[in-house]
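Close look at the chain arrangement
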Amino acid sequence: AVALEDLKFTLQEVLDTFKSCLSEHKEVFLEHYVAGWRGLVKFMNCLGSVFSFISKDAVNKIQILVNHLNGENGAHYVTIQSMVKYELDSQLVDLTKRGSFPESGCRTLLRLHRALRWLELFLERLRTSTEDSNTSVMCSEAYNESLAQHHAWIIRKAAGTAFWALPGRATFFDVMNVGSPEQVMAVLGDTLPLISEVYQVTEDLYAQNNILELP
Ligand code: 1PZ
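Counting restarts for each chain: residues are numbered from 1 in the order of the written sequence. Per-residue local features of the predicted model are confined to residues with pLDDT of at least 70, and side-chain atom pairs are confined, for both listing and counting, to 80 or more; whole-chain, interface and lining totals are unaffected and use all residues. The basis for the side-chain values is all heavy atoms of the structure; hydrogens and waters are excluded.

The next point concerns helix H7 (residues 135–145). A 1.4 Å probe rolled over the protein chains alone gives each residue an accessible area, and that area as a share of the maximum for its type sets the label: buried under 20%, exposed over 50%, partly exposed in between. Numbering goes from the N terminus for both helices and strands, where a helix is a DSSP run of H or I of at least four residues and a strand is a run of E of at least two. Listed as buried for H7 are Thr135, Ser136, Met138, Cys139, Ser140, Ala142 and Tyr143. The inward-facing, buried residues of H7 abut helix H6 (105–127), helix H8 (153–163) and helix H9 (169–176). Two or three places before serine 136, at the start of H7, stands the capping residue asparagine 134, its side-chain oxygen 2.8 Å from that residue's backbone nitrogen. Any pair of residues with heavy atoms lying within 4.5 Å of one another is described as a contacting pair. Within 3.5 Å is the distance limit for a polar contact, defined as a pair of N or O atoms, with the added protein rule that one can donate a hydrogen and the other accept it, and that residues adjacent in sequence qualify only through two side-chain atoms.

Below you can see the structure in the form of structure tokens.
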């Protein structure tokens, strides 16, 4: 049987994993990055089954990265930096059109990375929201400013529909499981800079290697 503890999400947990993501030389540990995503998926699953098509895709991508980590070349996948270097040096990435490497670490992580930008924008809105703010509106604004630009029409349509099923702000805060709204705001204030930094380090790395548009 699954222990209740495993199902229970806390925002604090996600905060802690993102905190452990960055090494002192600003490398991103893939293992912790993936753990952070696992926590986010857990959270999404608490919001209702409408989101399962979204979490399924995230879970798929997490699994691809875990397989690389646990594979025979796992040593190259310890950090995002080493992964990018290894896959590019070994020509394991489709650079211009999809073909031989649909499961490269670089293209797979890029999808999660783009979603992290959505999360950053959404949490920032949540952090500065008031009691009567609408989570669906905050969510779709954040989406339109980020991920939507990378999604085909049909996905945007499906995502847009799912957003209307989001619970209200109060329920959202309950699911985050950190306490009073004031405490949620405080934890959000602590979490956001960490997520932003992980995002920025990854963004810079991908920009330097000219791989921000991998197919
Ligand atoms: C809390 C509400 C959740 C809102 C999440 C907002 C993001 C909506 C994204 C809709 C994605 C729909 C499913 C699949 C999309 C894929 O086509 C793309 C591109 O991958 P490819 O086809 O190239 O392999 N996948 C993605 O963009 C990754 C999406 C991950 C979404 C994770 C959301 C995490 C939310 C955390 C909740 C706190």
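Okay, back to it.
Our next topic: the side chain of threonine 191. Summarising the element assignment, threonine 191 is placed in helix H10 (residues 181–208). On the accessibility criterion, threonine 191 (1% relative accessible area) is buried. Within the local environment of threonine 191, its side chain forms a polar contact with the backbone oxygen of valine 187, the two atoms lying 2.6 Å apart.

Rolled over the atoms, a probe as big as a water molecule pinpoints where empty space is left. Every definition here rests on a 1 Å grid over the protein atoms only: cavities are sets of points where a 1.4 Å probe fits but cannot get out, pockets are open sets enclosed by protein on both sides within 12 Å along at least five of seven lines, and lining residues have some atom within 4 Å of a point. Grid points are joined across faces, edges and corners, and a volume is the space filled by probe spheres set on the points. In this structure, the largest pocket encloses a volume near 900 Å³. If you trace the largest pocket, you find 37 residues lining it, with Met44, Ile54, Ala115, Leu147 and His151 closest to the centre. Counting only elements with at least two residues in the lining of the largest pocket, the list comes to helix H2 (11–19), helix H3 (30–46), helix H4 (52–70), H6, H7, H8 and H9. It is H6 that contributes the most residues to the lining of the largest pocket, nine residues altogether. Looking at the lining of the largest pocket residue by residue, the classes come out as 29 nonpolar, two polar and six charged. Each residue gets one of three labels, nonpolar for Ala, Val, Leu, Ile, Met, Phe, Trp, Tyr, Cys and Pro, charged for Asp, Glu, Lys and Arg, and polar for the others, Gly among them.

This brings us to unusual backbone geometry. The bulk of non-glycine residues show a negative phi, and the bulk of peptide bonds are trans. Even without a glycine there, the phi angle at glutamine 91 is positive, about 55 degrees. Residues other than glycine seldom take positive phi values, yet asparagine 210 does so here, at roughly 60 degrees. As for its position among the elements, asparagine 210 is in the segment after H10. When its relative accessible area of 70% is taken as the criterion, asparagine 210 is described as exposed.

Before going further, it helps to spend a moment on the pattern of salt bridges. Here, a salt bridge means any Lys or Arg side-chain nitrogen found within 4 Å of an Asp or Glu carboxyl oxygen. The full count for this structure, using the stated rule, is eight salt bridges. A salt bridge links arginine 127 to glutamate 124; the shortest N-O distance between them is 3.1 Å. Linking arginine 127 with glutamate 124, this pair stays in helix H6, spanning three residues, or about one helical turn. Of the charged contacts, one joins arginine 125 and glutamate 145 as a salt bridge, the two residues approaching to 2.8 Å between their closest N and O atoms. Of this pair, arginine 125 sits in helix H6 while glutamate 145 is found in helix H7, placing the two residues 20 residues apart along the sequence. Among the ionic contacts, a cluster of salt bridges with common partners joins Arg125, Glu141 and Glu145.

For helices, the fitted line uses only the C-alpha atoms of the stretch in contact; every axis is such a line through C-alpha atoms, and the angle between N-to-C directions lies from 0 to 180 degrees. Remark: H7 packs on H8, axes separated minimally by 9 Å, with the N-to-C direction vectors making an angle of 160 degrees. If you check the angle between H7 and H8, you find them roughly antiparallel. The interaxial crossing formed by H7 with H8 has right-handed handedness. Contacts between H7 and H8 involve Ser136, Cys139, Ser140 and Tyr143 on the former and, on the latter, Ile155, Arg156, Ala159 and Phe163. Grouping the amino acids of the contact of H7 with H8 by side-chain chemistry returns five nonpolar, two polar and one charged. Just so you know how the angles are binned, under 35 degrees is roughly parallel, over 145 roughly antiparallel, 65 to 115 roughly perpendicular, and the rest oblique. Note: crossing handedness is left-handed where the near helix turns anticlockwise from the far helix by less than a right angle, and right-handed where it turns clockwise.

Both the distance between ring centres and the angle between the ring planes are used here to describe each pair of aromatic rings. The rule is short: rings of Phe, Tyr and Trp, with Trp giving its six-membered ring, pair when the centres are within 6.5 Å, and they are stacked under 30 degrees, edge-to-face over 60, tilted in between. Within this structure, the stated rule accounts for five aromatic pairs. For the pair phenylalanine 43 and phenylalanine 172, a centre-to-centre distance of 5.6 Å together with 65 degrees between the ring planes defines the contact as edge-to-face. Of the two residues, phenylalanine 43 is situated in helix H3 and phenylalanine 172 in helix H9; the sequence distance between them amounts to 129 residues. In this structure phenylalanine 43 comes out as buried when scored by relative accessible area, which is 11%. Since its relative accessible area comes to 2%, phenylalanine 172 is described here as buried. Here tyrosine 77 and tyrosine 86 contribute two aromatic rings whose centre-to-centre distance is 5.8 Å and whose plane-to-plane angle is 75 degrees, an arrangement assigned as edge-to-face. Look at tyrosine 77 and you get buried, because its relative accessible area is 3%.

In this section: the site of the ligand. Of all residues adjacent to the ligand, which total 20 residues, the nearest are Asp57, Lys61, Arg107, Arg111 and His151. Between arginine 107 and the ligand, the recorded distance is 2.8 Å, taken from a side-chain N or O atom to an oxygen atom. Between an oxygen atom of the ligand and a side-chain N or O atom of arginine 111, the distance comes to 3.1 Å. Compared with its free state, where it exposes 830 Å², the ligand has 89% of that area covered by protein. Whether a residue is near a molecule or strand depends on its heavy atoms: it is near if one of them lies within 4 Å of it. Per-residue and other accessible areas were derived by the Shrake-Rupley procedure at a 1.4 Å probe size, with only the shown protein chains allowed to occlude residues.

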